[in-house]
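Below are the chains, spelled out letter by letter.
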Amino acid sequence: MSLRDRGIEPAEGFSADGFIVRPLEPSDAVLDHAAVMASRDFLFHWEQDPPYPPEHFSVEDNRSDLEWMGDNHRNGLRYTYTVMNSDETQVLGCIYLLPGDDPMYKSAEVTSHDGSDLSTIDVAVSFWVRPSTWSDGFERTLLEALLGWLRGTWSFERAAIITNEKLDHQIATIESVGLTRRFDYDRYKDMYTSFAYA
């Protein structure tokens, strides 16, 4: 069941100190491409779909991806947001919201730590930021703002933040804000086990 079928319409986004979050558009292709390629080593493990992004990934390749994501957003299937600096001259990262029964989870084998699983969550949320922003704590800054947005604007009570076992820095950030690992899942195509925190 899509997010829209669940009665969940996309929020417009929000502004915070030094950054904004808004729906990702194909017109963001150039700035988004720069962020993707600057984060290539990290995204290779985050995406779990190697080799993404490929070495010769072009702006037009990225625009095609953004058009697909934009269609999903407009149709209420998945919602995707860009994270930009305040004057919208640099993409800092991206946020993705998916229903727990999204087709990408069809083959997932779940191991629960507390009885929760993909069927018990309101939404699965994943995000990334440029590794160059880690040293100033931006990953945590964004996550804290994201959690407030999910609870406030979206009224989600059971949002799961998704990462995977390879991403030590992101795991540490997620755990630093007090979230607990609720369940893990593996898909046949994945390189690593994914962790769900709430």
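That block above? That's the structure.
Residues numbered from 1 in each chain as written. Predicted model: local features only at pLDDT ≥ 70, side-chain atom pairs only at ≥ 80, totals over all residues. Heavy atoms only, no water.

A. Structural context of the overall build of the protein chain. Along the backbone of the protein chain there are 5 helices and 9 strands. Sequence-ordered secondary structure for the protein chain, helices as α and strands as β, is β-β-α-α-α-β-β-β-β-α-β-α-β-β. Whereas a compact globule of 198 residues would reach a radius of gyration of roughly 16 Å, the protein chain reaches 16 Å, a difference of no more than 12%. When its C-alpha atoms are laid out on the principal axes, the protein chain stretches across 45 × 35 × 35 Å. Looking at the protein chain as a whole, 49% of its 198 residues are labelled buried. Intrachain contacts of the protein chain at a sequence separation of at least 6 include 69% that bridge at least 24 residues. Only carbon and sulfur atoms are counted for the fraction: they give 48% of the accessible area of the protein chain, which is about 9400 Å². (Helix = DSSP H or I, 4+ residues; strand = E, 2+ residues; numbered from the N terminus. Rg over C-alpha atoms; globule rule 2.2 N^0.38 Å. Buried < 20%, exposed > 50% of the residue type's maximum accessible area, 1.4 Å probe, protein only. Contact = heavy atoms within 4.5 Å. Areas by Shrake-Rupley, 256 points an atom, 1.4 Å probe, with all protein chains shown as cover.)

B. Local environment of the side chain of Q170. Among the secondary structure elements, Q170 is positioned in helix 5 (residues 168-176). A polar side-chain atom of Q170 sits 2.8 Å from the main-chain carbonyl oxygen of F127. At 2.9 Å, the side chain of Q170 and the side chain of T163 are in polar contact. (Polar contact = N/O pair within 3.5 Å; in protein donor to acceptor, adjacent residues only side chain to side chain.)

C. Seen up close, the pairing of strand 8 (residues 181-186). Of the strand pairs in this sheet, strand 5 (residues 109-112) and strand 8 are connected by 4 bridges, and their pairing is antiparallel. By the bridge assignment for strand 8, E109 is matched with D186. The pairing of strand 8 with strand 9 (residues 194-197) spans 4 bridges and is antiparallel. Considered in strand 9, the bridge of D184 is made with F195. (Pairing = 2+ DSSP bridges.)

D. Focus on the packing of aromatic side chains. Summed over all chains, the structure comprises 12 aromatic pairs. Ring geometry for F14 against F19: centres 6.1 Å apart, planes inclined by 80 degrees, an arrangement best described as edge-to-face. Neither F14 nor F19 differs from the other in exposure class; each is buried. Judged by centre distance (5.4 Å) and plane angle (80 degrees), the rings of Y105 and Y185 are edge-to-face. Of the two residues, Y105 sits in the loop between strand 4 (91-98) and strand 5 while Y185 sits in strand 8, which places them 80 residues apart along the sequence. (Phe/Tyr/Trp six-rings, centres within 6.5 Å; stacked < 30°, edge-to-face > 60°.)

E. Region of the structure containing the pattern of salt bridges. In the structure shown here, the tally under the stated rule is 12 salt bridges. D102 is the partner of R78 in a salt bridge, and the nearest nitrogen-oxygen pair spans 2.7 Å. Separated by 24 residues along the polypeptide, R78 in the loop between helix 3 (59-74) and strand 3 (79-85) and D102 in the loop between strand 4 and strand 5 bring together distant segments of the chain. For the pair R78 and D102, a shared accessibility class is recorded, and that class is buried. Here R187 and D190 are joined by a salt bridge, their closest N and O atoms 2.8 Å apart. Summarising the burial analysis for this pair, R187 and D190 share the class buried. Connected via shared salt-bridge partners are R22, D28 and E88. (Salt bridge = Lys/Arg side-chain N within 4 Å of Asp/Glu carboxyl O.)

F. Seen up close, the pairing of strand 4. Counting buried positions along strand 4 yields 8 of 8 residues, so the element is predominantly enclosed. Pairing of strand 3 with strand 4 involves 6 bridges; the strand directions are antiparallel. The residue of strand 4 that forms the bridge with T80 is Y96. Between the end of strand 3 and the start of strand 4, which pair antiparallel, lie 5 residues, with E88 showing a positive phi angle near 60 degrees.

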